[in-house]
Amino acid sequence: MIPRLLPFSVLVSYVFEVTSGSTYEQLQPIDVVRTSTVGNISYDCFEDQYDMPLVFWHKANLESKLALIRSLDEQDVSIKRELLIAGCKWLWNSVPGLILLEVYSGDQQIKSFKKRGNLYSSILTKVNSTHWRCDDNSFVEHVEVNFENEITVIVEANLSAVTIDQCEKSEEPKNAFNGTNRCHHTTYCTYRPGDRPFAAGNYWCVCRPGYYSALSKFDGALVEMASPEEINNKYSCHKCWEGCDVCDGPESCMAKFMWTQRSTFLGITVVCIISTVILIWFVHKNRRIKVFRIASPTFLIITLIGCIIMYSEMGIMFPECTQKLCVATKWTRHFGFCITYSALLMKTWRVSLTYRVKSAHKLKLTDKQLLQWMTPILVIILVYMGAWTLSDPPQAVLEKETETNLRFWRCSNDWWDYCLAAGEVLFLAWGVRVCYVVRNAESFYNEAQSINFAIYNIFIVNIIMMTIHFFLFPDIGPNFKYTLGFIRTQLSTSVTIALVFGSKVVRVLNGQGDHWDNKHQAKGLVSYEMNDICEETSDLQTENEELKEEIFKLATQIGLLKNSLMHVNNRHLRKNGCQSCNPITSNQQSPTSKTGSFFKSLGSNSCLAPSTSS
């Protein structure tokens, strides 16, 4: 509650004077009040020693109240008198703390108001003045204001009826006592109206947010009498744990980390990272084996690198969240996902383009072409993440757990997160569509089917985790959040590695990496794979020469068998010897000669001509 006279108060300077040869120290008004009232309900008046203008009333306030009166024309004497009387009556009734109000027009008194029992009469000096006097052991402030139109207003207020407010009030006009409380810096002042008028200590010292004490607040009257050492030790509050806005004691309000659980998850993740590095070495070492060669070792290694980046997120989330760790978490999560998913999707897209070709000409897409198409995707995510980091990086914000009301640090989510999440959902949807197109495509070692299942799995896991992260449980505790991160990493990363690389590694370890499946051999399966097995020119030429040689041998044997069968019991052929009738001696062909000349010689053999005799 604000005292009725305080809204009209201002901060004024103080004065000192020398009397009886003694020099009184320069004091503020609050020092005088403390000297006379601290520790006592009654007070003493030092009119003979101090001339201390407290100025609860001042000229600027009265001029604003009586602005209409000041603007009156001097010739309208009757109207002026009536307005002056009405204005003074309003002022007297609106401020009950006044004990005297007199208005003069020139030397003539127009109106006078006095409290009953007040025998004191003011002396008109026609000089703007204010002073502090004693009246029946009470502090009285006398203010005399002269206006330009020869109107003088004298106001006196009994300060003994005013409760001093020593707290800070920056939004209100200053007075001589604003901010004079002695509360410790760990506490703040709150005004306490009561039965101590014009005395120091009418306030409570309450602990600030983030601090606690055995007592909820301290009496300002006791604080005024305490020494600086006592205020520091007895009337101060203790700081709460970091992040606690309100606390009742030294107990922490921060959520505790389950370090055993987090260490277990981190240990499993480290094992996965080491296994992935070994798998990269294994793929590179056996890149010439058909089971890896048809699956494009380049994209297999890129996929594993993206998985390692996604695994590293668990190590970054392990300690308590900070602003730098938030930035690193976003980078590893989104950039690792983009690398892994883009590599798998490029391979599936190549299968889709090859599988949908209607002409006899086979569409051939090399790894270099796919890398050229994959590069813009990675550039886009790099530019987006870089702009995010430089312009508005993620922040570590303090949140409260819903169930336990404990606080914890987490990374903030803003429109950068939501836009990137929407883009990833569209990217995942396109990948699912590509997988649906090639769902019936047959491939060596079921490569296309394995990648399809991996993409479906990534899509489902990411959609579920985005829903949990953004909508269902945005403020879950740090332990549950770390557990969800571990589950997301294992389902989206470890399952992908198992689907894409599991069967290949088993084949190689069993020595069947270069063997085709029997059903594929029977069907003569055309390779829809991302890396055509026939890309190596030297092997292709060797296989073609061997195939030609076998065809020529077969054609030779068929020709000999035809000649032999035509001579058996055929009376139209001459019986006498004919060297040219022996295809072996007359038309011996090299196995590598053209088949056309061989069959032409068979068709022109004179021994096959019908006999002219008989």
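Residues numbered from 1 in each chain as written. Predicted model: local features only at pLDDT ≥ 70, side-chain atom pairs only at ≥ 80, totals over all residues. Heavy atoms only, no water.

Caption draft 1: The overall build of the chain, seen in detail. The helix and strand tally for the chain stands at 18 helices and 14 strands. Of the contacts made within the chain by residues no fewer than 6 positions apart, 67% connect residues no fewer than 24 positions apart. When the accessible surface of the chain is totalled, it reaches about 32,900 Å², and 58% of it is carbon and sulfur. (Helix = DSSP H or I, 4+ residues; strand = E, 2+ residues; numbered from the N terminus. Contact = heavy atoms within 4.5 Å. Areas by Shrake-Rupley, 256 points an atom, 1.4 Å probe, with all protein chains shown as cover.)

Caption draft 2: Broad picture of helix α7 (residues 259-285). Between its terminal C-alpha atoms α7 stretches 39 Å, which fits the 39 Å expected from 27 residues at 1.5 Å a residue. For α7, every residue scored as buried is listed here: Arg262, Phe265, Thr269, Cys272, Thr276, Leu279, Ile280, Phe282 and Val283. For α7, the secondary structure elements touched by its buried residues are α8 (290-293), α9 (297-316) and α14 (478-509). (Expected span 1.5 Å × (residues − 1). Buried < 20%, exposed > 50% of the residue type's maximum accessible area, 1.4 Å probe, protein only.)

Caption draft 3: Expanded view of the pattern of salt bridges. Tallying each qualifying case throughout the model produces eight salt bridges. Glu313 is the salt-bridge partner of Arg488, the closest N and O atoms lying 2.7 Å from each other. Of this pair, Arg488 sits in helix α14 while Glu313 sits in helix α9, and the two are 175 residues apart along the sequence. In this pair, the class of Arg488 matches that of Glu313, namely buried. Through salt bridges with shared partners, a single ionic network connects Glu313, Arg333 and Arg488. (Salt bridge = Lys/Arg side-chain N within 4 Å of Asp/Glu carboxyl O.)

Caption draft 4: Seen up close, the packing of aromatic side chains. Per the counting criterion, the structure on display carries 19 aromatic pairs. Pairing Tyr341 with Phe427 gives two aromatic rings, centres 5.1 Å apart and planes at 75°, and the pair type is edge-to-face. On the criterion of sequence distance, the pair formed by Tyr341 in helix α10 (residues 323-355) and Phe427 in helix α12 (residues 415-437) is long-range, its members being 86 residues apart. Here Tyr341 and Phe427 have matching classes, each one buried. One aromatic cluster is present, built from ring pairs that chain together Phe257, Trp259, Phe265, Phe318, Tyr482 and Phe486. Above the face of the Trp204 ring, Lys217 is positioned so that its terminal group lies 4.3 Å from the ring centre. For Arg262, the ring lying beneath its charged end belongs to Phe257, and the centroid distance is 4.3 Å. (Phe/Tyr/Trp six-rings, centres within 6.5 Å; stacked < 30°, edge-to-face > 60°. Lys NZ or Arg CZ within 6 Å of the ring centre and 35° of its normal.)

Caption draft 5: Structural detail: a nonpolar patch on the surface. A grouping of Val270, Ile274, Ile278 and Trp281 is seen on the molecular surface, where their side chains present a nonpolar patch of about 400 Å² in accessible area. Tracing the chain through its elements places Ile274 in helix α7. With a relative accessible area of 48%, Ile274 lands in the partly exposed category. (Patch = residues over 30% accessible without salt bridge, like charges linked within 9 Å, V, L, I, M, F, W, Y side chains within 5 Å.)

Caption draft 6: Looking closely at the sheet that holds strand β11 (residues 217-219). The sheet built from three strands is open, its strands ordered β8-β9-β11 with antiparallel pairing. In this open sheet, the two edge strands, each paired with only one partner strand, are β8 (187-191) and β11. Across the sheet, the mean angle separating the axes of adjacent strands is 30° when strand polarity is ignored. Bridge count for β8 against strand β9 (residues 203-207) is five bridges, and the pairing is antiparallel. The partner of Tyr188 across the bridge, within β9, is Val206. (Pairing = 2+ DSSP bridges. Axes fitted to C-alpha atoms, helices over the stretch in contact; angles between N-to-C directions.)

Caption draft 7: Just empty space enclosed by the protein, in detail. Overall, the coordinates contain six cavities of 30 Å³ or more when judged by the stated rule. Here the largest cavity is characterised by a volume of approximately 750 Å³. Forming the boundary of the largest cavity are 44 residues, of which Glu313, Met317, Arg333, His469 and Arg488 lie nearest the centre. Of all the secondary-structure elements, those providing two or more residues to the lining of the largest cavity are α9, α10, β14 (407-411), α12, α13 (447-472) and α14. By residue number, the principal contributor to the lining of the largest cavity is α14, which donates nine residues. Here the residues of the lining of the largest cavity are counted per class, giving 24 nonpolar, ten polar and ten charged. (1 Å grid on protein atoms, 1.4 Å probe; cavity = no way out; pocket = protein on both sides within 12 Å on 5 of 7 lines; lining within 4 Å. Points joined across faces, edges and corners; volume = space filled by probe spheres on them. Nonpolar A, V, L, I, M, F, W, Y, C, P; charged D, E, K, R; others polar.)

Caption draft 8: Quick peek at the packing of α12 against α13. Remark: α12 packs on α13, axes separated minimally by 10 Å, with the N-to-C direction vectors making an angle of 155°. Between α12 and α13, the interaxial angle falls into the category roughly antiparallel. Considering how the two elements wind past one another, α12 and α13 form a crossing that is left-handed. Along its contact with α12, which presents Asp417, Tyr418, Ala421, Glu424, Val425, Leu428, Ala429, Gly431, Val432, Cys435 and Tyr436, the element α13 presents Asn452, Ile455, Tyr456, Ile458, Phe459, Asn462, Ile463, Met466 and Phe470. (Parallel < 35°, antiparallel > 145°, perpendicular 65-115°, else oblique. Left-handed = near helix turned anticlockwise from the far one by under 90°.)

Caption draft 9: Geometry of the packing of helix α11 (residues 367-391) against α12. Remark: α11 packs on α12, axes separated minimally by 11 Å, with the N-to-C direction vectors making an angle of 170°. Taken together, the axis directions place α11 and α12 in an arrangement best described as roughly antiparallel. Along the contact surface, α11 presents Ile377, Ile381, Tyr384, Met385, Ala387, Trp388 and Ser391, while α12 presents Trp415, Trp416, Asp417, Cys419, Leu420 and Phe427. Grouping the amino acids of the contact of α11 with α12 by side-chain chemistry returns eleven nonpolar, one polar and one charged.

Caption draft 10: A look at the confidence of the model for the chain. Scored by pLDDT, the chain has a mean of 75; 67% of the residues are at 70 or more. When the criterion is pLDDT under 50, residues 47-52 qualifies, and its contacts beyond four places in sequence or with other chains add up to 18 contacts. With pLDDT under 50 throughout, residues 520-540 is counted as low confidence; its partners more than four residues away or in other chains account for 49 contacts. (pLDDT = per-residue confidence, 0-100.)

Caption draft 11: How the structure looks around the nonpolar core. Val283, Tyr341 and Phe501 are the most contacted members of the largest nonpolar core, which totals 35 residues. Breaking this core down by element, the ones donating at least two residues are α7, α8, α9, α10, α12, α13 and α14. Here this core gets six residues from one element, more than from any other, and that element is α9. When residues no more than four places from it in sequence are discounted, the contact partners of Phe501 are Leu279, Val283, Leu300 and Leu304. The next biggest cluster of nonpolar side chains, apart from the first, holds 14 residues, and it includes Cys338, Ala343, Met346 and Trp416. (Core = buried A, V, L, I, M, F, W, Y, C linked by side-chain atoms within 4.5 Å.)

Caption draft 12: Seen up close, the environment of Arg196. Relative to the helices and strands, Arg196 is located in the loop between β8 and β9. Along the backbone, Arg196 and Ala221 are 25 residues apart, and their C-alpha atoms lie at a distance of 9.7 Å.

Caption draft 13: Structural detail: the state of the cysteines. Counted by the stated rule, this structure contains five disulfides. The disulfide that involves Cys240 links it to Cys247, with 1.7 Å between the sulfurs. On the S-S bond that ties Cys240 to Cys247, the torsion sits near -75°, and the link is left-handed. Here Cys240 matches Cys247 in class, with each residue buried. (Disulfide = S-S within 2.5 Å.)

Caption draft 14: Highlighting unusual backbone geometry. A positive phi angle, close to 65°, is found at Ser296, a residue other than glycine. Among the structural elements, Ser296 can be located in the loop between α8 and α9.

Caption draft 15: Just the side chain of Asn178, in detail. Residue placement: Asn178 occurs in the loop between β7 (151-158) and β8. Residue class for Asn178 comes out buried when judged on its relative accessible area of 14%. Of the polar contacts made by the side chain of Asn178, one reaches the backbone oxygen of Cys167; its length is 3.0 Å. (Polar contact = N/O pair within 3.5 Å; in protein donor to acceptor, adjacent residues only side chain to side chain.)

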